Every structure is written in C-alpha cells, then in structure tokens.
Amino acid sequence: MDSAPGDWKFVTLPGMRSAVVPTVSLWCPPLLPGVQVVRVEADTRLWSGHSIQYAIGVTHAGAFDFWYRKRVWTHSPGRQLKLKEPGEVHRDVRVHAPVTAESVAFAPGLVDEAARLLGLPASPHLSAALSRGTGRCEAAALALHAALARRSEDRLECESLLAETLDALLTEYAERSPSGCPEHRPAALRAREHLRACFAENVGLEALASSVGLNRFHLLRVFRAEFGLPPHEYVTHLRVARAKVLLSRGMAAGDVAAEVGLYDQSQLNRHFKRIVGLTPGQYARAVCQ
C-alpha cells in the first residue's frame, strides 16, 4: 500500500471488495519543488516497487502488511509513520481492510541538501521502516501532511514545515545524527523583527534565513528555542493579534483577512478560532457592543 512515486505495479486482491471505488491521486505542491503528495483511498490492491525517493507515509484508515528489509511490517492508522529511502524495495503482502493513506515524497536532492546543512553526509540512510510514533518527526510530518492536504498557499508555513520535517527525520532516524547548532540569539531577534515588520507579506523561509545570516534549518532551531514557536506560527499569532484590532474597529472579516495577509475569510476563521477560541464574528459582536 505504498503510494510514493517509483517503479510500481499492483495486483488486485481476490475476494476483497470495497464499497468505494479505490482511487489514486498525485499532487506536486507549487510552493515546494521536489515534493510530491500521493493519496490512495479505499484501496485493497497489493503494491510493490522500487523506491526512487525518500518518503513519509501516514495511514488514515484500514491496515496493511508490507515486506521491507527482509521482514514483514504492519502499518495501521495512528501517529506511526512509514519511512522510505531511495534504492529499496517495498512489497505489500496483505490488506486487512481497505486503506486510505497518504505519502509525501522528497526528491533525493532535497534530503541531500538538508543533510549537508545539518552537517551530515549525502544520501543519509534511515535506520527504521516505521517511526516510533512518539517523537518530533511525527509532529512535524503530520503537520506537513495537514498543510499539504488543505493546499496551503502560505509560503513560510509550507517551507518551514518541510524543513522541520526533514530536520526531525534526519535527527531521529538517520544513522548519524546532526550535531547541535550553536546559539544565535541575535539572529533570532533579527528574524523576529523582520517578521513583525512584514507579517502581512508571504515571506519565504529561505529569504528570512538569508536576511539574518543563517541557513533555514538553524534558523528554525534557534527561533523555536528563543520564542517557543516556529516562524510561521509566530507570524500567524501576529496576524490574529492585528485581526483582533481591526475587528474591534468594525472592519468586515473578509477585509480583515486580506489586510493581515491571509488568503480568505475561511483561513482567518480557522486560525482565529484556534488561537482566540471564538470565531471572528463572535469576537466582533462581543467587543463592539
């Protein structure tokens, strides 16, 4: 049930029928060159193939067994992730129930670049087929999956989640772990001031990191260590804080979204409710009475 791109073939499992026609879809996020998202839904087919990319997969429904590295593993719904690297064979051997799963695949060049910036050799080898289900890799990868599933157009969010995912993947599962980065508090402070000055713009992580003299992986680490949030989440809080001011002045929610750098009112609603606990409309009615 491996949906990452590669030289794949499948066989239909006799005797198993799904109430929903199985589908396979592939999407290349425009903000993340070298990344592919593949999703299978209600799938009962047995897939096998040779991987050509790194990938992180999550199963949303169903369960399946697959052969990899001379043993059989089981992947089922939950936080445990399926991890892949180029040059290895994955072969499904059993489907327990129709599977809905999603895989985010990374071109080898992306991972090689991440490894270099983190002080690791190229073509890092991953030590596990399935993640432990309890670490930083799961949190970062599942957040990346969620952002890609909703087709986020926020450049800083997408680039930050990709970098955090690759950092966590290599830190927790590469045979050699990256060394800790030195403290760069002045750079973190400069990055914060930059974000405060242009929070309504669609700033990219690479541009932000370059502006303060760090690579994007080190910036993410020192920014989170200093302020408790990654840059994209910090920007979201700045936007919501400004939205509260504008809503209290009677500005319509749709206009507020555009003013603070969000793409539409639904995006404002989602972030506002998560951070404030009220919808923008509820907040406006409460403060404008």
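Residues numbered from 1 in each chain as written. Predicted model: local features only at pLDDT ≥ 70, side-chain atom pairs only at ≥ 80, totals over all residues. Heavy atoms only, no water.

Peer 1: In this structure, what is going on with the overall build of the protein chain? I would like to understand it.
Peer 2: Helix and strand counts for the protein chain stand at ten helices and eight strands. Expected size for 289 residues packed as a compact globule is a radius of gyration near 19 Å; at 21 Å, the protein chain falls within 12% of this value. Counting only C-alpha atoms and orienting by the principal axes, one finds that the protein chain spans roughly 65 × 45 × 30 Å. For the protein chain, the residues scored as buried account for 51% of the 289 residues in total. Long-range contacts, defined as pairs at least 24 residues apart, comprise 72% of the intrachain contacts of the protein chain with a sequence gap of at least 6. In the form shown here, the protein chain has an accessible surface area of approximately 13,100 Å², with 53% of it arising from carbon and sulfur atoms. (Helix = DSSP H or I, 4+ residues; strand = E, 2+ residues; numbered from the N terminus. Rg over C-alpha atoms; globule rule 2.2 N^0.38 Å. Buried < 20%, exposed > 50% of the residue type's maximum accessible area, 1.4 Å probe, protein only. Contact = heavy atoms within 4.5 Å. Areas by Shrake-Rupley, 256 points an atom, 1.4 Å probe, with all protein chains shown as cover.)

Peer 1: Whenever I open this one, empty space enclosed by the protein confuses me. Can you help?
Peer 2: Summary: where empty space remains is shown by rolling a probe the size of a single water molecule over the atoms. Summed over all chains, the structure comprises two cavities of 30 Å³ or more. The calculated volume of the second largest cavity comes to roughly 40 Å³. Asp-154, Leu-156, Leu-195, Phe-199, Glu-201, Asn-202, Val-203, Val-235 and Arg-239 together form the lining of the second largest cavity. Residues belonging to the lining of the second largest cavity are distributed by class as follows: five nonpolar, one polar and three charged. (1 Å grid on protein atoms, 1.4 Å probe; cavity = no way out; pocket = protein on both sides within 12 Å on 5 of 7 lines; lining within 4 Å. Points joined across faces, edges and corners; volume = space filled by probe spheres on them. Nonpolar A, V, L, I, M, F, W, Y, C, P; charged D, E, K, R; others polar.)

Peer 1: Help me understand the layout of surface pockets in this model?
Peer 2: Empty space within the largest pocket amounts to approximately 180 Å³. Lining the largest pocket are Leu-31, Leu-32, Pro-33, Leu-110, Glu-159, Leu-162, Ala-163, Leu-166, Glu-206, Arg-216 and Phe-217. Of all elements in the fold, only helix H3 (155-173) and helix H6 (216-227) reach the threshold of two or more residues within the lining of the largest pocket. Taken together, the residues of the lining of the largest pocket break down into eight nonpolar, no polar and three charged.

Peer 1: Sorry, what's going on with the pattern of salt bridges here?
Peer 2: Opposite charge on two side chains allows them to pair when their charged atoms are near. Scanning all chains against the criterion turns up 17 salt bridges. Close ionic contact of Arg-192 with Glu-193 constitutes a salt bridge, the shortest N to O distance being 3.5 Å. Look at Glu-193 and you get partly exposed, because its relative accessible area is 40%. (Salt bridge = Lys/Arg side-chain N within 4 Å of Asp/Glu carboxyl O.)

Peer 1: Looking at this structure, I do not really get the packing of helix H1 (residues 108-117) against H6. What am I missing?
Peer 2: Packed helices, taken two at a time, are described by their axes: the angle between them and the distance between them. It is at 9 Å that the axes of H1 and H6 come closest, and there the two elements cross at 60°. By the criterion of interaxial angle, the relationship of H1 to H6 is oblique. Contact with H1, carried on its side by Glu-113, Ala-114 and Leu-117, involves Arg-216, Phe-217 and His-218 of H6 and no other residues of that element. Looking at the contact of H1 with H6, its residues break down into three nonpolar, one polar and two charged. (Axes fitted to C-alpha atoms, helices over the stretch in contact; angles between N-to-C directions. Parallel < 35°, antiparallel > 145°, perpendicular 65-115°, else oblique.)

Peer 1: So what exactly am I meant to see when it comes to the nonpolar core here?
Peer 2: For soluble globular proteins, the rule of thumb is that nonpolar side chains tend to be buried together. Phe-106 and Leu-219 are the most contacted members of the largest nonpolar core, which has 69 residues in total. Broken down by element, this core gets its largest block of residues, ten residues, from H3. Residues within four places of Leu-219 in sequence aside, it is in contact with Ala-191, Leu-205, Leu-208, Ala-209, Val-212 and Leu-214. In terms of nonpolar packing, the next biggest core, distinct from the first, is built from eleven residues, Val-40, Phe-64, Tyr-68 and Val-95 among them. (Core = buried A, V, L, I, M, F, W, Y, C linked by side-chain atoms within 4.5 Å.)

Peer 1: In this structure, what is going on with the packing of aromatic side chains? I would like to understand it.
Peer 2: The geometry of an aromatic ring pair is captured by two quantities: the separation of the ring centres and the angle between the planes. Applying the stated criterion to the full structure yields five aromatic pairs. With a centroid separation of 5.9 Å and an interplanar angle of 40°, the aromatic rings of Phe-64 and Phe-66 are classed as tilted. Phe-66 matches Phe-64 in its accessibility class, with the two residues each being buried. Aromatic pair Phe-223 and Tyr-234: ring centres 5.6 Å apart, planes at 80°, arrangement edge-to-face. With Phe-223 in helix H6 and Tyr-234 in helix H7 (residues 231-248), the pair connects residues that are eleven residues apart, well separated along the chain. Each member of the pair, Phe-223 as well as Tyr-234, carries the same accessibility label: buried. Clustering of aromatic rings is evident, with ring pairs tying together Phe-223, Phe-227 and Tyr-234. Between Arg-151 and the ring centre of Trp-27, over which it is positioned, the NZ or CZ distance is 3.9 Å. (Phe/Tyr/Trp six-rings, centres within 6.5 Å; stacked < 30°, edge-to-face > 60°. Lys NZ or Arg CZ within 6 Å of the ring centre and 35° of its normal.)

Peer 1: What is the right way to read the state of the cysteines from this model?
Peer 2: Disulfides are covalent bonds that connect the sulfur atoms of two cysteines. Inspection of every chain in the model, using the stated rule, returns zero disulfides. Cys-28 provides the cysteine sulfur closest to Cys-158, a residue in no disulfide bond, and the two sulfurs are 14 Å apart. Here Cys-198 stays free of any disulfide, with the sulfur of Cys-158 as its closest cysteine sulfur at 17 Å. (Disulfide = S-S within 2.5 Å.)

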